Each structure stands twice: as C-alpha cells, then as structure tokens.
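Letter by letter, the chains look like this.
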Amino acid sequence: MNDRIEKRVELKAPISRVWRALTDYREFGEWFRVKLDGPFVKGQVSRGQITYPGYEHLKWEAVVQKMEPERLFSFTWPHPKSLDKAEYAPGDHSKDPTTVVEFRLEKTATGTLLVLTESGFENIPGDSRLEAFRRNEGGWAEQIKNIERYVAKAA
Amino acid sequence: MLQKQRRSLAATGGAHAPVFAALGDETRLALVRKLSGGRPHSISQLTEGTKLTRQAITKHLRVLERVGIVHSVHAGRESLFEFDPTPIEKMREYLNFVSEQWDQALIRLKSFIED
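Calculation criteria
- Residues numbered from 1 in each chain as written.
- Chains lettered and ligands numbered in written order.
- Predicted model: local features only at pLDDT ≥ 70, side-chain atom pairs only at ≥ 80, totals over all residues.
- Helix = DSSP H or I, 4+ residues; strand = E, 2+ residues; numbered from the N terminus.
- Buried ≥ 20, exposed ≤ 12 C-beta atoms within 10 Å, placed from the backbone.
- Contact = placed C-beta atoms within 7 Å.
- Arc of directions from axis to C-beta.
- pLDDT = per-residue confidence, 0-100.

Visitor: Explain the environment of Pro-69 of chain A to me, using residue names and the numbers behind them.
Guide: Topologically, Pro-69 of chain A is positioned in the loop between strand 4 (59–68) and strand 5 (72–78). The exposed category is assigned to Pro-69 of chain A, around which 11 C-beta atoms lie within 10 Å.

Put into structure tokens, the structure is as follows:
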C-alpha cells in the first residue's frame, strides 16, 4: 500500500476499442481534453495544449513509457509547481516532480476492465510511511485515517 | 468542489512533493509521531530513546521545518519543536483533487467509448 491513485472502470466495449481510445492521440485528446501535436511513440515526449475549460493555458507534456498493445499504456507526467494562470511557466517541466500514469486493460465477460493508476507522488522507497501513520496515536490520528481511507479506497 | 477552489488547489500542485519526501524517512516519521500528540518537545526529549546524536536529530527537524510540518518555538534558552498538520492536510487535499480529476476523465472516456 502506498500513495497512489487507482481507479477501476468496467467498459462495455471490446479491448481493441478501449486500446484505441487510449492510444490514438486524437481519441485520447477527445476525452482527456487535450489537443496533441502528434501520435504517442514509446520513449518519446508527447506535447500538446490542454483544452479543459479553465485550464486552456496549460501545455500538455508527457513521456510515453510503455505501449504493450491491448494490455498496458503508460507515461510519465510532470506536475508543474503551479497550474495557476498567473504563475504557470510554460516550457521546460523536466525538473518538476513526475508521476507515472498507467492504463492496464483486461478482457471481461462483458467487455473490458480498465485499471488506471497514478503513482510516484512520494518519490520515496518503501511503504514504511503509511505503516507509521497507522501506528500513530493522538490528535493527528484522525487526519491520518483520512489519508488511509483515501489510499485504501484506491487500493 | 467549486471550480475556484479546485483551481486554487491545483495551483499548489507540485509543491507537495517535498512534503512526501520529508516524510519518507523512518527517523523523521518517528519524530512526527512523537510530536503529533500536540505537545511541543525539546531536542533533548526528542533525542531520548534514540541512538542518534542531538546534531542528527536537529538536522532531521530542520528538514521537517523546511516543509512546514514542524515549527520551532522558543522557551527561554531552549528551542521547542511543535507539530503542524497543515502541509499533510494540504497534501491529502491535492491527492483528492488529482483523484477527482481522474474520476471525471474516466467518465468522459466511458461515454466516449460506449455512446
């Protein structure tokens, strides 16, 4: 267990359809709300412009890590220090903290199970932190429970 | 969550990585555990029962202080350290914010594929 976001979605569509919606840059852009400059290529930087209302000033930048057809699509994603229009600095985000986004696909009886994870918020080895949180007592315990509840929900 | 709140949360995005990193150490976690009861402790009290020197403990406290998890307060000639839950609470809010963005994106993906 660690600090990661995990979401599971059942999709009523064949795995090939879901794979295309994830990895075709135009289709990805439709639902993610980003206008990408070109196709996703393993090992290469993907660039574009966010089209999500209120965030149109943001550039999209990610590095495609894995493209295993109909199984796994992943990219690393910088989290800029600020997304606020006044403070956001477009350009080089290679030094920003980076998370890993993974889309895993599994065939089910009715279609496809998509498991999304985003991890790397902590940049720390091991799961010792939450272990320690669990042992914590006192006024802080409630806050930690919130974190645990959140992480447990995702796990 | 209101759009405005969301944006102010998003605005502090990458700033949470140092908090995560500061907590990624057994000694610092032990310090946070001791302080999380709410009572300020001196460096001597925090060094007690550990195998570390005062200098080492002080160094770890400074790391926690830099990200705002602990604050030092002066009591006479002594420095006391106290716990501040705010950065951890904000970190949790940020994770919730990112999580909620994904929920929405996946709803859009679902209708994009199924409709």
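Visitor: Can you lay out the environment of Phe-75 of chain A for me, pointing to particular residues and giving the numbers?
Guide: Residues and elements named next belong to chain A. Among the secondary structure elements, Phe-75 is positioned in strand 5. The exposure class assigned to Phe-75 is buried, which follows from the 21 C-beta atoms found within 10 Å. Taking C-alpha positions, Phe-75 is 6.7 Å from Glu-102, a pair spaced 27 residues apart along the chain. Dropping the residues within four chain positions of it, Phe-75 is found in contact with Ser-46, Ala-62, Val-63, Val-64, Gln-65 and Val-101.

Visitor: Pulling in residues and values, what's your account of helix 3 (residues 26–35) of chain B?
Guide: Taken together, the buried positions of helix 3 of chain B are Arg-28, Leu-29, Leu-31, Val-32 and Leu-35 of chain B. The arc that holds every buried residue of helix 3 of chain B, seen down its axis, measures 160 degrees, which confines them to one face.

Visitor: Tell me about the confidence of the model for chain A, and name the residues and values.
Guide: Residues and elements named next belong to chain A. Mean pLDDT for chain A: 75, with 65% of residues reaching 70 or above. The secondary-structure element of chain A with the lowest mean pLDDT is helix 3 (residues 128–135), recorded at 37, while strand 2 (residues 34–36) shows the highest, at 95. Counting contacts from residues 123–155, a segment whose pLDDT is below 50, to residues more than four positions away or on other chains yields 52 contacts.

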